Amino acid sequence: MEWLTAPFEVTFVQRALWGGMLVSAICALAGTWVVLRGMAFLGDAMSHGLLPGVALAALFGGNLLVGAMASAAVMTAGVTALGRTRRLSQDTGIGLLFVGMLSLGVIIVSRSQSFAVDLTGFLFGDVLAVRQQDLFLLGAALCAALVVSVLGHRAFLALAFDPRKAQTLGLRPRLAHAVLLGLLGLAIVASFHIVGTLLVLGLLIAPPAAALPWARSVHGVMVRAALLGAAATFGGLLLSWHLGTAAGATVSALAVSLFFLSHMASGLRHRAARPSPVPALEAN
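Residues numbered from 1 in each chain as written. Predicted model: local features only at pLDDT ≥ 70, side-chain atom pairs only at ≥ 80, totals over all residues. Heavy atoms only, no water.

Student: Could you clarify how one ought to interpret the pattern of salt bridges in this entry?
Tutor: Any two side chains of opposite charge can pair, so long as their charged atoms come close to each other. Summed over all chains, the structure comprises one salt bridge. As a salt-bridge pair, R131 and D134 come within 3.3 Å of each other at their nearest N and O atoms. Residue R131 is classed as partly exposed on the basis of its relative accessible area of 46%. (Salt bridge = Lys/Arg side-chain N within 4 Å of Asp/Glu carboxyl O. Buried < 20%, exposed > 50% of the residue type's maximum accessible area, 1.4 Å probe, protein only.)

Student: Any chance you could explain helix α2 (residues 11-37) here in plain terms?
Tutor: Turn by turn, an α-helix covers 3.6 residues, leaving residues three or four places apart pointing in a common direction. Taking 1.5 Å as the rise per residue, α2 with 27 residues should run 39 Å; its terminal C-alpha atoms sit 39 Å apart, in good agreement. A30 marks the point of greatest bend in α2, at about 35°. Where α2 ends, the next residue or the one after it, G38, has phi of about 65°, a positive value. (Helix = DSSP H or I, 4+ residues; strand = E, 2+ residues; numbered from the N terminus. Expected span 1.5 Å × (residues − 1). Bend = angle between axes of the 7 residues up to and from the residue.)

Student: Please clarify how the packing of aromatic side chains should be interpreted in this entry.
Tutor: Tallied over the full model, the rule gives three aromatic pairs. Taken together, a centroid distance of 4.6 Å and an interplanar angle of 10° make the contact between F8 and F234 stacked. Placement of F8 in the loop between α1 (2-5) and α2 and of F234 in helix α12 (residues 218-243) is noted, with a sequence separation of 226 residues between them. Here the aromatic rings of F259 and F260 are separated by 5.0 Å at their centres, their planes lie at 65°, and the arrangement is edge-to-face. Relative accessible area serves as the criterion here: at 22%, F259 is assigned to the partly exposed category. By relative accessible area, F260 is classed as partly exposed at 49%. (Phe/Tyr/Trp six-rings, centres within 6.5 Å; stacked < 30°, edge-to-face > 60°.)

Student: It is not clear to me how the confidence of the model for the chain should be interpreted in this structure. Could you clarify?
Tutor: Model confidence for the chain is summarised by a mean pLDDT of 82, while 87% of its residues fall at 70 or above. Per-element confidence in the chain ranges from a low mean pLDDT of 61 for helix α7 (residues 116-124) to a high of 93 for α12. Between residues 280-284, whose pLDDT stays under 50, and residues either more than four places distant or in other chains, the model counts zero contacts. (pLDDT = per-residue confidence, 0-100. Contact = heavy atoms within 4.5 Å.)

Student: Can you walk me through the environment of L228 in this structure?
Tutor: By secondary structure assignment, the location of L228 is in helix α12. The residues contacting L228, other than those within four sequence positions of it, are P207, A210, A211 and L258.

Student: Which parts of the structure should I look at to understand the side chain of S71?
Tutor: With respect to the secondary-structure elements, S71 resides in helix α5 (residues 64-83). What makes S71 buried here is its relative accessible area of 4%. Setting aside chain neighbours within four positions, we find S71 in contact with G49, L50, P52, G53 and M101.

Student: Which parts of the structure should I look at to understand the packing of helix α3 (residues 40-48) against helix α11 (residues 200-211)?
Tutor: For any two helices packed against each other, one specifies the crossing angle of their axes together with the interaxial distance. Two elements in contact, α3 and α11, have axes separated by 10 Å at closest approach and are oriented at 160°. What the angle tells us is that α3 and α11 run roughly antiparallel. Crossing of α3 over α11 shows right-handed handedness. For the pair formed by α3 and α11, the contact residues are A40, G43, D44 and S47 on the first element and V200, L201 and I205 on the second. For the contact of α3 with α11, the residue count by class is four nonpolar, two polar and one charged. (Axes fitted to C-alpha atoms, helices over the stretch in contact; angles between N-to-C directions. Parallel < 35°, antiparallel > 145°, perpendicular 65-115°, else oblique. Left-handed = near helix turned anticlockwise from the far one by under 90°. Nonpolar A, V, L, I, M, F, W, Y, C, P; charged D, E, K, R; others polar.)

Student: What is the right way to read the side chain of S252 from this model?
Tutor: Mapped onto the secondary structure, S252 falls in helix α13 (residues 247-273). Looking at S252, the relative accessible area reads 5%, which means it is buried. When sequence neighbours within four positions are dropped, the list of residues in contact with S252 reads V195, L199 and G202.

Student: It is not clear to me how a nonpolar patch on the surface should be interpreted in this structure. Could you clarify?
Tutor: The grouping of M1, W3, L4, F234, L239 and L243 at the surface amounts to a nonpolar patch, some 630 Å² of accessible area in total. Broken down by secondary-structure element, the contributors of at least two residues to the nonpolar patch are α1 and α12. For the nonpolar patch, the leading source of residues is α12, giving three residues. Position of M1 relative to the elements: it lies in the segment before α1. Here M1 falls in the exposed class, since its relative accessible area comes to 74%. (Patch = residues over 30% accessible without salt bridge, like charges linked within 9 Å, V, L, I, M, F, W, Y side chains within 5 Å. Areas by Shrake-Rupley, 256 points an atom, 1.4 Å probe, with all protein chains shown as cover.)

Have a look at this one:
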């Protein structure tokens, strides 16, 4: 039992656990819609698109979170604007924004020789460096995500399954899509300093995707995704403590492992539920 509880007697590990659980809840709210709408590439593009804002904030001694929020706003506005251009497919527009923002960030980073540590933290995160004020910010982000999710649920649901019906019902699908992008940006900004941009998709996509075969409603997916994300956080911190591995990467790897285990178990359940074939009668 001491092997299980000893790491969480340390204060910074306790903060990391709470931070990871809050991030898991935020990512569950946004990630469920990402999975349902097949927006994984967009999530990846937005997470890497934070680099210019973070780099500029570090260069001028500003708040990295504010810089990340500014880049997320630019990415959201850019994706929304390009999505209205009929001559250009959405994937093409997202890809161009992705490359452009990432290139701009690398150019800014290359202008300074002091960004090595900051860039590593940006890419891979540092869940063990969560501070008390970070927990308050994550709590506020979770409250904002809950409000957006509740108010926009009907429009998001219609947008995910039938955008034309959303237009017919007067739910303004373009506005709903822009708000959903904002929710996705909020989740990414809240998560990047915990697990980093390269690993944020682990918590954003893996838990909702793992919960999908076991839930019968969108709310069920969100609740199960939050619980799976919290389990991945607890297990990842525990393993990283005893094995000496990177905490953020271990959390993300465990979340992805839970996805594969979930789908394997779901496949076995469906096989067991299939009726056995009736043997053919032998002719006399």
